[in-house]
Amino acid sequence: MTTQTQILRSKARKRAKTADKVATVVIIVFALSIVAILLGLIGFIMFRGLGHISWHFLTSNPQTIREGGGIGPPLFNSLYLLVLTMIITIPLGLGGGIYMSEYAKPGKITSFIRLVVEVLSSFPSIVIGLFGLLVFVNTFELGFSLLAGALALTIFNLPLMVRITEQAFAGVPREQKEAGLALGLSKWKIITSIMLPVAIPSLVTGTILAAGRVFGEAAALLFTSGMTTPPLNFSDWNPLHPRSPLNPLRPAETLATHIWKVNSEGLAPDAIQIAAGASAVLVIMVLLFNLFARWGGRTLYRYMTASKRMN
Amino acid sequence: MVMPMPFSTEDLSIYYGEFQAIKNISMGFPAASVTALIGPSGCGKSTFLRSLNRMNDEIAGSRSTGHIWMDGIDLTASGTDVIKLRQRIGMVWQRPNPFYKSIYENIAFGPRYYGIKNRKQLDEIVETSLRRAALWDEVKDRLKESALALSGGQQQRLCIARALSVNPQILLLDEPASALDPVSTGKIEELITELKKDLRIVIVTHNMQQAARVSDYTAYFYLGTLVEHGETDQIFTNPEKNSTQEYIMGRFG
(Lines give C-alpha, C1' and ligand atoms only; values in the text may rest on other atoms or scores of the structure.)
Protein backbone atom coordinates (compact mmCIF):
# COMPACT_ATOMS: atom_id res chain seq x y z
CA MET A 1 0.00 0.00 0.00
CA THR A 2 2.58 2.48 1.08
CA THR A 3 4.99 1.50 -1.66
CA GLN A 4 2.16 1.75 -4.16
CA THR A 5 1.40 5.27 -3.07
CA GLN A 6 5.06 6.08 -3.28
CA ILE A 7 5.26 4.72 -6.80
CA LEU A 8 2.16 6.71 -7.78
CA ARG A 9 3.62 9.82 -6.23
CA SER A 10 6.94 9.47 -7.98
CA LYS A 11 5.08 8.91 -11.26
CA ALA A 12 3.08 12.07 -10.67
CA ARG A 13 6.27 13.91 -9.90
CA LYS A 14 7.88 12.63 -13.07
CA ARG A 15 4.85 13.70 -15.08
CA ALA A 16 4.93 17.17 -13.52
CA LYS A 17 8.62 17.42 -14.32
CA THR A 18 8.05 16.44 -17.94
CA ALA A 19 5.18 18.92 -18.28
CA ASP A 20 7.40 21.59 -16.81
CA LYS A 21 10.16 20.83 -19.29
CA VAL A 22 7.81 20.80 -22.27
CA ALA A 23 6.23 24.09 -21.22
CA THR A 24 9.65 25.71 -20.79
CA VAL A 25 10.74 24.58 -24.25
CA VAL A 26 7.50 25.77 -25.86
CA ILE A 27 7.73 29.18 -24.19
CA ILE A 28 11.36 29.59 -25.20
CA VAL A 29 10.50 28.64 -28.79
CA PHE A 30 7.73 31.24 -28.84
CA ALA A 31 9.99 33.92 -27.43
CA LEU A 32 12.76 33.07 -29.86
CA SER A 33 10.41 33.10 -32.84
CA ILE A 34 9.19 36.56 -31.88
CA VAL A 35 12.77 37.77 -31.70
CA ALA A 36 13.55 36.00 -34.98
CA ILE A 37 10.59 37.60 -36.77
CA LEU A 38 11.56 41.02 -35.45
CA LEU A 39 15.22 40.66 -36.35
CA GLY A 40 14.29 39.22 -39.73
CA LEU A 41 11.99 42.14 -40.44
CA ILE A 42 14.52 44.76 -39.41
CA GLY A 43 17.25 42.90 -41.25
CA PHE A 44 15.15 42.73 -44.41
CA ILE A 45 14.30 46.42 -44.29
CA MET A 46 17.92 47.35 -43.62
CA PHE A 47 19.25 44.99 -46.30
CA ARG A 48 16.96 46.49 -48.90
CA GLY A 49 17.25 50.07 -47.83
CA LEU A 50 20.68 50.76 -46.32
CA GLY A 51 22.44 50.67 -49.71
CA HIS A 52 20.31 53.50 -50.92
CA ILE A 53 20.96 55.82 -47.99
CA SER A 54 23.44 58.59 -48.63
CA TRP A 55 23.85 62.16 -47.49
CA HIS A 56 22.34 63.25 -50.78
CA PHE A 57 19.34 60.98 -50.25
CA LEU A 58 18.78 62.31 -46.73
CA THR A 59 18.95 65.96 -47.69
CA SER A 60 17.64 66.46 -51.21
CA ASN A 61 14.11 67.05 -52.39
CA PRO A 62 11.86 64.25 -53.64
CA GLN A 63 11.46 63.95 -57.41
CA THR A 64 8.17 63.13 -59.05
CA ILE A 65 9.28 61.81 -62.41
CA ARG A 66 13.05 61.93 -62.54
CA GLU A 67 15.50 59.60 -60.87
CA GLY A 68 17.54 60.46 -57.78
CA GLY A 69 14.90 61.94 -55.50
CA GLY A 70 15.69 62.34 -51.79
CA ILE A 71 13.72 62.47 -48.59
CA GLY A 72 15.03 65.69 -46.99
CA PRO A 73 11.74 67.52 -46.42
CA PRO A 74 9.71 64.42 -45.42
CA LEU A 75 12.40 63.52 -42.90
CA PHE A 76 12.32 67.00 -41.44
CA ASN A 77 8.51 66.97 -41.47
CA SER A 78 8.37 63.71 -39.53
CA LEU A 79 10.57 65.13 -36.80
CA TYR A 80 8.81 68.47 -36.70
CA LEU A 81 5.40 66.84 -36.62
CA LEU A 82 6.57 64.68 -33.73
CA VAL A 83 7.60 67.77 -31.78
CA LEU A 84 4.35 69.60 -32.55
CA THR A 85 2.23 66.60 -31.62
CA MET A 86 4.09 66.03 -28.37
CA ILE A 87 3.81 69.70 -27.42
CA ILE A 88 0.03 69.29 -27.58
CA THR A 89 -0.27 65.68 -26.40
CA ILE A 90 1.99 65.61 -23.35
CA PRO A 91 0.36 68.42 -21.35
CA LEU A 92 -3.16 67.26 -22.23
CA GLY A 93 -2.33 63.64 -21.55
CA LEU A 94 -0.59 64.38 -18.26
CA GLY A 95 -3.46 66.60 -17.18
CA GLY A 96 -6.10 64.05 -18.10
CA GLY A 97 -4.21 61.16 -16.57
CA ILE A 98 -3.48 63.00 -13.33
CA TYR A 99 -7.12 64.01 -13.12
CA MET A 100 -8.26 60.42 -13.62
CA SER A 101 -5.82 59.04 -11.09
CA GLU A 102 -5.82 61.69 -8.38
CA TYR A 103 -8.87 63.91 -8.62
CA ALA A 104 -11.75 61.99 -10.21
CA LYS A 105 -14.03 60.45 -7.62
CA PRO A 106 -14.97 56.86 -8.43
CA GLY A 107 -18.47 56.88 -9.89
CA LYS A 108 -20.52 56.79 -13.04
CA ILE A 109 -18.99 59.87 -14.62
CA THR A 110 -15.44 58.65 -14.06
CA SER A 111 -16.27 55.22 -15.48
CA PHE A 112 -17.87 56.93 -18.45
CA ILE A 113 -14.77 59.04 -19.09
CA ARG A 114 -12.64 55.92 -18.86
CA LEU A 115 -14.91 54.14 -21.35
CA VAL A 116 -14.68 57.06 -23.76
CA VAL A 117 -10.89 57.06 -23.51
CA GLU A 118 -10.77 53.36 -24.20
CA VAL A 119 -13.11 53.54 -27.18
CA LEU A 120 -11.10 56.43 -28.55
CA SER A 121 -7.90 54.41 -28.30
CA SER A 122 -9.30 51.70 -30.54
CA PHE A 123 -10.46 54.12 -33.24
CA PRO A 124 -9.16 53.23 -36.73
CA SER A 125 -6.64 55.87 -37.70
CA ILE A 126 -8.22 56.40 -41.14
CA VAL A 127 -11.41 57.50 -39.35
CA ILE A 128 -9.40 59.96 -37.30
CA GLY A 129 -7.88 61.19 -40.55
CA LEU A 130 -11.30 61.80 -42.07
CA PHE A 131 -12.47 63.46 -38.87
CA GLY A 132 -9.41 65.69 -39.03
CA LEU A 133 -10.21 66.55 -42.64
CA LEU A 134 -13.75 67.60 -41.75
CA VAL A 135 -13.01 69.41 -38.51
CA PHE A 136 -9.47 70.80 -38.59
CA VAL A 137 -8.84 71.13 -42.32
CA ASN A 138 -12.28 72.31 -43.46
CA THR A 139 -14.27 73.68 -40.52
CA PHE A 140 -11.35 75.33 -38.73
CA GLU A 141 -9.91 76.27 -42.13
CA LEU A 142 -6.43 75.13 -41.22
CA GLY A 143 -6.06 73.58 -44.67
CA PHE A 144 -3.70 70.67 -45.24
CA SER A 145 -1.18 71.64 -42.62
CA LEU A 146 1.24 70.40 -40.00
CA LEU A 147 -1.03 71.81 -37.33
CA ALA A 148 -4.04 69.87 -38.60
CA GLY A 149 -1.89 66.75 -38.72
CA ALA A 150 -0.60 67.33 -35.20
CA LEU A 151 -4.14 67.79 -33.90
CA ALA A 152 -5.30 64.59 -35.61
CA LEU A 153 -2.35 62.71 -34.14
CA THR A 154 -3.17 64.20 -30.75
CA ILE A 155 -6.63 62.66 -30.94
CA PHE A 156 -4.95 59.46 -31.98
CA ASN A 157 -2.42 59.50 -29.13
CA LEU A 158 -4.29 61.15 -26.29
CA PRO A 159 -6.07 58.02 -25.04
CA LEU A 160 -2.76 56.18 -24.81
CA MET A 161 -1.09 59.07 -23.03
CA VAL A 162 -3.97 59.49 -20.57
CA ARG A 163 -4.09 55.82 -19.74
CA ILE A 164 -0.36 55.54 -19.27
CA THR A 165 -0.25 58.64 -17.07
CA GLU A 166 -3.13 57.34 -14.99
CA GLN A 167 -1.43 54.00 -14.50
CA ALA A 168 1.93 55.60 -13.80
CA PHE A 169 0.44 57.71 -11.02
CA ALA A 170 -1.71 54.90 -9.68
CA GLY A 171 1.48 52.84 -9.46
CA VAL A 172 3.19 55.27 -7.08
CA PRO A 173 3.16 53.69 -3.61
CA ARG A 174 0.37 55.07 -1.44
CA GLU A 175 2.91 55.58 1.36
CA GLN A 176 4.63 58.27 -0.70
CA LYS A 177 1.44 60.28 -0.87
CA GLU A 178 0.77 59.76 2.84
CA ALA A 179 4.25 60.94 3.74
CA GLY A 180 3.62 64.12 1.79
CA LEU A 181 0.24 64.66 3.40
CA ALA A 182 1.60 64.13 6.90
CA LEU A 183 4.27 66.72 6.20
CA GLY A 184 1.51 69.20 5.43
CA LEU A 185 2.13 69.48 1.70
CA SER A 186 -0.66 70.51 -0.61
CA LYS A 187 -2.10 67.98 -3.02
CA TRP A 188 -0.64 69.79 -6.00
CA LYS A 189 2.82 69.89 -4.43
CA ILE A 190 2.61 66.17 -3.68
CA ILE A 191 1.62 65.40 -7.27
CA THR A 192 4.31 67.52 -8.88
CA SER A 193 7.22 67.02 -6.49
CA ILE A 194 6.69 63.63 -4.84
CA MET A 195 4.71 61.52 -7.26
CA LEU A 196 5.83 62.81 -10.65
CA PRO A 197 9.51 61.84 -10.17
CA VAL A 198 8.47 58.33 -9.15
CA ALA A 199 6.17 58.08 -12.16
CA ILE A 200 8.75 59.25 -14.70
CA PRO A 201 9.98 55.84 -15.90
CA SER A 202 6.45 54.78 -16.84
CA LEU A 203 5.73 58.16 -18.39
CA VAL A 204 8.86 57.89 -20.55
CA THR A 205 7.80 54.46 -21.76
CA GLY A 206 4.39 55.84 -22.62
CA THR A 207 5.81 58.81 -24.45
CA ILE A 208 8.05 56.53 -26.50
CA LEU A 209 5.07 54.40 -27.49
CA ALA A 210 3.07 57.46 -28.46
CA ALA A 211 6.00 58.93 -30.38
CA GLY A 212 6.54 55.70 -32.27
CA ARG A 213 2.99 55.92 -33.47
CA VAL A 214 3.58 59.45 -34.72
CA PHE A 215 6.57 58.31 -36.79
CA GLY A 216 4.71 55.39 -38.25
CA GLU A 217 1.28 56.87 -38.83
CA ALA A 218 0.25 57.51 -42.43
CA ALA A 219 -3.51 57.03 -42.67
CA ALA A 220 -4.43 59.78 -40.21
CA LEU A 221 -2.09 62.19 -41.96
CA LEU A 222 -3.10 61.68 -45.61
CA PHE A 223 -6.06 64.01 -45.25
CA THR A 224 -4.74 66.34 -42.57
CA SER A 225 -1.11 67.25 -43.10
CA GLY A 226 -1.43 66.34 -46.78
CA MET A 227 0.79 64.52 -49.25
CA THR A 228 2.86 67.37 -50.58
CA THR A 229 5.47 69.73 -49.25
CA PRO A 230 5.82 73.21 -50.68
CA PRO A 231 9.33 74.29 -51.66
CA LEU A 232 11.07 75.07 -48.39
CA ASN A 233 13.75 77.59 -47.65
CA PHE A 234 15.96 75.94 -45.04
CA SER A 235 17.69 79.20 -44.22
CA ASP A 236 14.49 80.88 -43.06
CA TRP A 237 13.53 79.77 -39.54
CA ASN A 238 10.79 82.27 -38.85
CA PRO A 239 7.67 80.17 -38.21
CA LEU A 240 5.48 82.94 -39.61
CA HIS A 241 7.01 82.91 -43.10
CA PRO A 242 5.15 80.74 -45.61
CA ARG A 243 8.29 79.06 -46.93
CA SER A 244 9.90 78.50 -43.57
CA PRO A 245 10.24 74.83 -42.59
CA LEU A 246 8.90 75.75 -39.14
CA ASN A 247 5.64 77.23 -40.44
CA PRO A 248 2.98 75.01 -38.81
CA LEU A 249 0.32 76.06 -41.30
CA ARG A 250 2.02 74.61 -44.40
CA PRO A 251 1.23 71.20 -45.85
CA ALA A 252 3.78 68.49 -45.11
CA GLU A 253 4.22 64.92 -46.16
CA THR A 254 5.99 62.84 -43.58
CA LEU A 255 8.29 59.89 -44.17
CA ALA A 256 5.44 57.45 -43.68
CA THR A 257 3.10 59.22 -46.10
CA HIS A 258 5.99 59.65 -48.53
CA ILE A 259 6.64 55.90 -48.48
CA TRP A 260 2.97 55.27 -49.05
CA LYS A 261 2.84 57.74 -51.93
CA VAL A 262 5.98 56.53 -53.62
CA ASN A 263 4.84 52.95 -53.35
CA SER A 264 1.32 53.50 -54.61
CA GLU A 265 1.68 56.21 -57.23
CA GLY A 266 5.39 56.87 -57.65
CA LEU A 267 6.37 57.61 -61.22
CA ALA A 268 10.12 57.91 -60.68
CA PRO A 269 12.08 54.95 -62.08
CA ASP A 270 13.80 54.39 -58.75
CA ALA A 271 10.57 54.53 -56.69
CA ILE A 272 11.16 51.09 -55.20
CA GLN A 273 14.65 51.97 -53.99
CA ILE A 274 13.41 55.26 -52.57
CA ALA A 275 10.65 53.51 -50.66
CA ALA A 276 13.14 50.94 -49.35
CA GLY A 277 15.65 53.62 -48.32
CA ALA A 278 12.96 55.72 -46.67
CA SER A 279 11.68 52.67 -44.78
CA ALA A 280 15.15 51.96 -43.45
CA VAL A 281 15.54 55.59 -42.39
CA LEU A 282 12.15 55.44 -40.64
CA VAL A 283 13.14 52.35 -38.67
CA ILE A 284 16.50 53.87 -37.72
CA MET A 285 14.74 57.04 -36.60
CA VAL A 286 12.39 55.10 -34.36
CA LEU A 287 15.33 53.19 -32.86
CA LEU A 288 17.33 56.36 -32.31
CA PHE A 289 14.37 58.11 -30.77
CA ASN A 290 13.84 55.18 -28.45
CA LEU A 291 17.42 55.25 -27.23
CA PHE A 292 17.39 59.01 -26.89
CA ALA A 293 14.12 59.09 -24.96
CA ARG A 294 15.30 56.36 -22.61
CA TRP A 295 18.55 58.17 -21.97
CA GLY A 296 16.65 61.42 -21.40
CA GLY A 297 14.18 59.76 -19.07
CA ARG A 298 16.97 58.14 -17.10
CA THR A 299 18.82 61.42 -16.72
CA LEU A 300 15.66 63.17 -15.60
CA TYR A 301 14.83 60.38 -13.14
CA ARG A 302 18.33 60.47 -11.70
CA TYR A 303 18.25 64.21 -11.40
CA MET A 304 14.88 64.21 -9.65
CA THR A 305 15.40 61.23 -7.37
CA ALA A 306 19.15 61.26 -6.75
CA SER A 307 19.23 57.55 -7.57
CA LYS A 308 21.79 55.67 -9.59
CA ARG A 309 19.56 53.80 -11.96
CA MET A 310 16.04 53.58 -13.25
CA ASN A 311 14.28 50.51 -11.94
CA MET B 1 -16.21 73.64 32.51
CA VAL B 2 -12.92 71.82 32.71
CA MET B 3 -10.38 73.11 30.25
CA PRO B 4 -9.45 70.33 27.85
CA MET B 5 -5.80 69.27 27.88
CA PRO B 6 -3.65 71.04 25.29
CA PHE B 7 -3.84 67.93 23.16
CA SER B 8 -6.82 65.65 23.67
CA THR B 9 -9.85 64.07 22.10
CA GLU B 10 -13.38 64.57 23.32
CA ASP B 11 -16.12 62.09 22.54
CA LEU B 12 -14.40 61.22 19.27
CA SER B 13 -16.11 58.73 16.99
CA ILE B 14 -14.97 57.61 13.55
CA TYR B 15 -17.17 55.93 10.99
CA TYR B 16 -16.31 54.09 7.80
CA GLY B 17 -19.63 54.23 6.04
CA GLU B 18 -22.07 52.61 8.49
CA PHE B 19 -19.35 50.95 10.55
CA GLN B 20 -18.30 52.74 13.70
CA ALA B 21 -14.59 52.08 14.06
CA ILE B 22 -14.02 54.36 17.06
CA LYS B 23 -16.64 54.78 19.76
CA ASN B 24 -16.79 58.01 21.76
CA ILE B 25 -13.22 58.19 22.95
CA SER B 26 -12.07 60.97 25.23
CA MET B 27 -8.45 60.95 26.22
CA GLY B 28 -5.57 63.35 26.69
CA PHE B 29 -1.93 63.20 25.70
CA PRO B 30 0.31 64.85 28.32
CA ALA B 31 3.30 66.90 27.24
CA ALA B 32 6.82 65.50 27.28
CA SER B 33 5.62 61.94 27.46
CA VAL B 34 4.91 58.88 25.37
CA THR B 35 1.43 57.42 25.15
CA ALA B 36 1.21 53.88 23.80
CA LEU B 37 -1.94 52.63 22.11
CA ILE B 38 -2.27 48.86 22.39
CA GLY B 39 -4.91 46.29 21.53
CA PRO B 40 -5.58 43.40 19.18
CA SER B 41 -5.62 43.88 15.39
CA GLY B 42 -8.70 45.70 14.20
CA CYS B 43 -9.38 47.32 17.58
CA GLY B 44 -9.23 50.77 16.05
CA LYS B 45 -5.96 52.02 17.53
CA SER B 46 -4.44 52.83 14.13
CA THR B 47 -7.63 54.49 12.97
CA PHE B 48 -7.59 56.56 16.14
CA LEU B 49 -3.96 57.54 15.59
CA ARG B 50 -4.59 58.47 11.98
CA SER B 51 -7.57 60.60 12.95
CA LEU B 52 -5.37 62.78 15.19
CA ASN B 53 -3.82 64.52 12.17
CA ARG B 54 -6.91 63.90 10.07
CA MET B 55 -5.21 61.45 7.72
CA ASN B 56 -8.46 59.52 7.83
CA ASP B 57 -9.95 62.28 5.70
CA GLU B 58 -8.14 60.65 2.78
CA ILE B 59 -10.13 57.44 3.11
CA ALA B 60 -13.32 57.56 1.06
CA GLY B 61 -16.44 57.20 3.18
CA SER B 62 -14.88 58.07 6.52
CA ARG B 63 -16.37 60.71 8.79
CA SER B 64 -16.04 61.67 12.41
CA THR B 65 -18.00 63.22 15.27
CA GLY B 66 -16.67 64.73 18.48
CA HIS B 67 -13.61 66.91 18.89
CA ILE B 68 -9.85 66.88 18.84
CA TRP B 69 -8.34 69.74 20.80
CA MET B 70 -4.94 71.25 20.28
CA ASP B 71 -4.13 74.39 22.25
CA GLY B 72 -7.79 75.30 22.41
CA ILE B 73 -8.43 74.81 18.70
CA ASP B 74 -10.85 72.16 17.54
CA LEU B 75 -9.03 70.22 14.83
CA THR B 76 -12.18 68.52 13.63
CA ALA B 77 -13.97 71.82 12.92
CA SER B 78 -14.76 72.17 9.25
CA GLY B 79 -12.82 75.41 8.93
CA THR B 80 -9.57 73.93 10.23
CA ASP B 81 -6.66 74.27 7.84
CA VAL B 82 -5.73 70.60 7.63
CA ILE B 83 -2.50 71.30 5.80
CA LYS B 84 -1.32 73.70 8.47
CA LEU B 85 -2.32 71.37 11.24
CA ARG B 86 -0.34 68.51 9.74
CA GLN B 87 2.76 70.66 9.87
CA ARG B 88 2.43 70.66 13.65
CA ILE B 89 1.77 66.93 13.93
CA GLY B 90 4.43 64.66 12.46
CA MET B 91 3.72 61.08 11.51
CA VAL B 92 5.80 57.97 10.88
CA TRP B 93 4.48 54.67 9.57
CA GLN B 94 5.21 51.00 9.94
CA ARG B 95 6.98 50.74 6.61
CA PRO B 96 9.65 53.36 6.03
CA ASN B 97 8.52 55.62 3.20
CA PRO B 98 11.34 58.01 2.34
CA PHE B 99 10.78 60.12 -0.76
CA TYR B 100 12.54 59.00 -3.93
CA LYS B 101 15.07 61.75 -3.39
CA SER B 102 18.46 62.27 -1.84
CA ILE B 103 18.91 62.03 1.92
CA TYR B 104 19.37 65.79 2.06
CA GLU B 105 16.28 66.48 -0.04
CA ASN B 106 14.15 64.21 2.12
CA ILE B 107 14.78 66.47 5.09
CA ALA B 108 15.02 69.83 3.33
CA PHE B 109 11.85 69.33 1.31
CA GLY B 110 9.36 70.27 4.02
CA PRO B 111 11.17 73.35 5.38
CA ARG B 112 11.78 74.63 1.85
CA TYR B 113 8.09 74.21 1.10
CA TYR B 114 7.32 76.35 4.14
CA GLY B 115 9.47 79.13 2.79
CA ILE B 116 13.04 78.57 3.99
CA LYS B 117 15.18 79.17 0.91
CA ASN B 118 18.47 80.09 2.52
CA ARG B 119 20.93 77.31 1.78
CA LYS B 120 22.81 77.71 5.06
CA GLN B 121 19.64 77.62 7.09
CA LEU B 122 18.51 74.51 5.25
CA ASP B 123 21.87 72.83 5.86
CA GLU B 124 21.41 73.56 9.53
CA ILE B 125 17.90 72.13 9.65
CA VAL B 126 19.08 69.00 7.85
CA GLU B 127 21.91 68.50 10.32
CA THR B 128 19.78 69.20 13.41
CA SER B 129 16.97 66.94 12.24
CA LEU B 130 19.33 64.11 11.39
CA ARG B 131 21.12 64.52 14.71
CA ARG B 132 17.84 64.44 16.61
CA ALA B 133 16.99 61.23 14.77
CA ALA B 134 20.43 59.78 15.65
CA LEU B 135 21.27 59.34 11.99
CA TRP B 136 23.70 62.19 11.31
CA ASP B 137 26.93 60.30 11.92
CA GLU B 138 25.89 57.47 9.63
CA VAL B 139 24.91 59.63 6.66
CA LYS B 140 26.78 62.92 6.94
CA ASP B 141 29.19 61.96 4.15
CA ARG B 142 26.51 60.76 1.75
CA LEU B 143 23.77 63.36 1.97
CA LYS B 144 23.52 63.54 -1.81
CA GLU B 145 22.86 59.84 -2.21
CA SER B 146 19.42 58.38 -2.68
CA ALA B 147 17.51 57.76 0.53
CA LEU B 148 16.44 54.41 -0.89
CA ALA B 149 20.03 53.16 -0.61
CA LEU B 150 19.81 53.25 3.19
CA SER B 151 18.96 50.19 5.27
CA GLY B 152 15.41 49.74 6.58
CA GLY B 153 16.31 50.96 10.05
CA GLN B 154 18.16 53.98 8.68
CA GLN B 155 15.25 54.76 6.38
CA GLN B 156 12.91 54.71 9.35
CA ARG B 157 15.11 57.11 11.30
CA LEU B 158 15.28 59.28 8.18
CA CYS B 159 11.48 59.35 8.16
CA ILE B 160 11.53 60.46 11.79
CA ALA B 161 14.09 63.14 10.91
CA ARG B 162 11.86 64.23 8.03
CA ALA B 163 8.93 64.56 10.42
CA LEU B 164 11.10 66.58 12.82
CA SER B 165 12.33 68.91 10.07
CA VAL B 166 9.19 71.05 10.24
CA ASN B 167 9.29 71.28 14.04
CA PRO B 168 6.11 69.49 15.03
CA GLN B 169 4.82 69.54 18.59
CA ILE B 170 3.36 66.08 18.35
CA LEU B 171 4.74 62.92 16.80
CA LEU B 172 2.45 60.07 15.80
CA LEU B 173 4.16 56.70 15.34
CA ASP B 174 2.24 53.84 13.75
CA GLU B 175 4.15 50.66 14.69
CA PRO B 176 7.42 52.36 13.79
CA ALA B 177 9.64 49.38 14.59
CA SER B 178 7.57 46.37 13.62
CA ALA B 179 9.25 45.99 10.23
CA LEU B 180 12.76 46.32 11.64
CA ASP B 181 15.41 44.00 13.05
CA PRO B 182 16.09 43.99 16.84
CA VAL B 183 19.12 46.29 16.63
CA SER B 184 17.25 48.90 14.59
CA THR B 185 14.26 48.51 16.90
CA GLY B 186 16.47 49.25 19.89
CA LYS B 187 17.76 52.40 18.20
CA ILE B 188 14.24 53.59 17.45
CA GLU B 189 13.20 53.00 21.06
CA GLU B 190 16.19 54.93 22.40
CA LEU B 191 15.30 57.68 20.01
CA ILE B 192 11.71 57.82 21.24
CA THR B 193 12.89 58.13 24.82
CA GLU B 194 15.22 60.95 23.78
CA LEU B 195 12.66 62.79 21.66
CA LYS B 196 9.88 62.82 24.24
CA LYS B 197 11.75 65.49 26.16
CA ASP B 198 10.40 68.13 23.79
CA LEU B 199 7.51 66.35 22.11
CA ARG B 200 4.25 64.60 22.78
CA ILE B 201 4.56 61.17 21.28
CA VAL B 202 1.73 58.79 20.53
CA ILE B 203 2.78 55.32 19.46
CA VAL B 204 0.76 52.37 18.24
CA THR B 205 2.50 49.08 18.94
CA HIS B 206 1.78 45.36 18.93
CA ASN B 207 4.83 44.66 21.00
CA MET B 208 3.93 44.67 24.71
CA GLN B 209 7.53 44.83 25.88
CA GLN B 210 8.05 47.81 23.66
CA ALA B 211 4.99 49.55 25.08
CA ALA B 212 6.27 48.83 28.59
CA ARG B 213 9.77 50.05 27.74
CA VAL B 214 9.08 53.31 25.95
CA SER B 215 5.74 54.64 27.14
CA ASP B 216 4.66 56.65 30.16
CA TYR B 217 0.96 56.13 29.56
CA THR B 218 -0.81 53.21 27.95
CA ALA B 219 -4.28 53.02 26.44
CA TYR B 220 -5.86 49.65 25.75
CA PHE B 221 -8.32 49.58 22.84
CA TYR B 222 -10.81 46.84 22.11
CA LEU B 223 -13.48 46.85 19.38
CA GLY B 224 -13.29 50.58 18.94
CA THR B 225 -13.66 51.46 22.61
CA LEU B 226 -11.07 52.72 25.05
CA VAL B 227 -11.10 50.00 27.70
CA GLU B 228 -8.44 51.34 30.00
CA HIS B 229 -6.07 54.27 30.03
CA GLY B 230 -3.49 55.05 32.67
CA GLU B 231 0.15 55.11 33.63
CA THR B 232 2.06 52.35 31.92
CA ASP B 233 3.41 50.87 35.17
CA GLN B 234 -0.05 50.56 36.55
CA ILE B 235 -1.60 49.13 33.35
CA PHE B 236 1.09 46.50 33.09
CA THR B 237 1.32 45.51 36.75
CA ASN B 238 -2.14 46.12 38.09
CA PRO B 239 -4.78 46.77 35.43
CA GLU B 240 -8.31 47.51 36.56
CA LYS B 241 -10.06 45.55 33.86
CA ASN B 242 -9.80 41.82 33.32
CA SER B 243 -9.79 42.21 29.57
CA THR B 244 -6.69 44.42 29.72
CA GLN B 245 -4.87 41.90 31.86
CA GLU B 246 -5.81 39.03 29.56
CA TYR B 247 -4.56 40.87 26.49
CA ILE B 248 -1.27 41.81 28.10
CA MET B 249 -0.75 38.37 29.63
CA GLY B 250 -1.74 36.59 26.43
CA ARG B 251 0.93 38.46 24.60
CA PHE B 252 3.52 37.62 27.20
CA GLY B 253 2.58 33.96 27.25
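Criteria and thresholds
Residues numbered from 1 in each chain as written. Chains lettered and ligands numbered in written order. Predicted model: local features only at pLDDT ≥ 70, side-chain atom pairs only at ≥ 80, totals over all residues. Heavy atoms only, no water. UniProt positions renumbered as here; feature names shortened; annotations may be inferred. Pairing = 2+ DSSP bridges. Helix = DSSP H or I, 4+ residues; strand = E, 2+ residues; numbered from the N terminus. Axes fitted to C-alpha atoms, helices over the stretch in contact; angles between N-to-C directions.

Named according to an unreviewed UniProt entry, chain B is Phosphate transport system ATP-binding protein originating from Paenibacillus hunanensis.

Naming follows an unreviewed UniProt entry, where chain A appears as Phosphate transport system permease protein PstA of Paenibacillus hunanensis. If you open the UniProt record of chain A and go to Subcellular location (unreviewed entry), you find "Cell membrane". UniProt, in the comment section headed Sequence similarities (unreviewed entry), describes chain A in these words: "Belongs to the binding-protein-dependent transport system permease family. CysTW subfamily."

*Asks:* Looking at this model, I keep getting lost on the sheet that holds strand β3 (residues 34–38) of chain B. Mind explaining?
*Replies:* Sheets are built from strands paired through backbone hydrogen bonds, the pairs being either parallel or antiparallel. All names here are of chain B. With mixed pairing, 6 strands are arranged side by side in an open sheet as β6-β7-β8-β3-β9-β10. If you trace the sheet from one side to the other, it starts and ends with β6 (89–92) and β10 (225–231), each paired once. Between one strand and the next, the sheet's axes are offset by a mean angle of 15 degrees, whatever the strand orientation. One ladder, built from 5 bridges, connects strand β7 (residues 170–174) with strand β8 (residues 200–204); its direction is parallel. Considered in β8, the bridge of isoleucine 170 is made with arginine 200.

*Asks:* Any chance you could explain unusual backbone geometry here in plain terms?
*Replies:* For residues other than glycine, phi is negative in most cases, and the peptide bonds are mostly trans. Here the phi dihedral of A:Glu141 falls at roughly 55 degrees; this positive angle occurs in a residue that is not glycine. One can find A:Glu141 in the loop between α5 (125–139) and α6 (146–170). With a phi angle near 45 degrees, B:Glu175 is a residue other than glycine that sits in the positive phi range.

*Asks:* Any chance you could explain the UniProt feature "domain: ABC transporter" (unreviewed entry) in chain B here in plain terms?
*Replies:* Mapped onto this numbering, the UniProt entry annotates "domain: ABC transporter" (unreviewed entry) at residues 7–248 of chain B. Taken end to end, residues 7–248 of chain B has its terminal C-alpha atoms 27 Å apart, with 38% of it in helix and 26% in strand.

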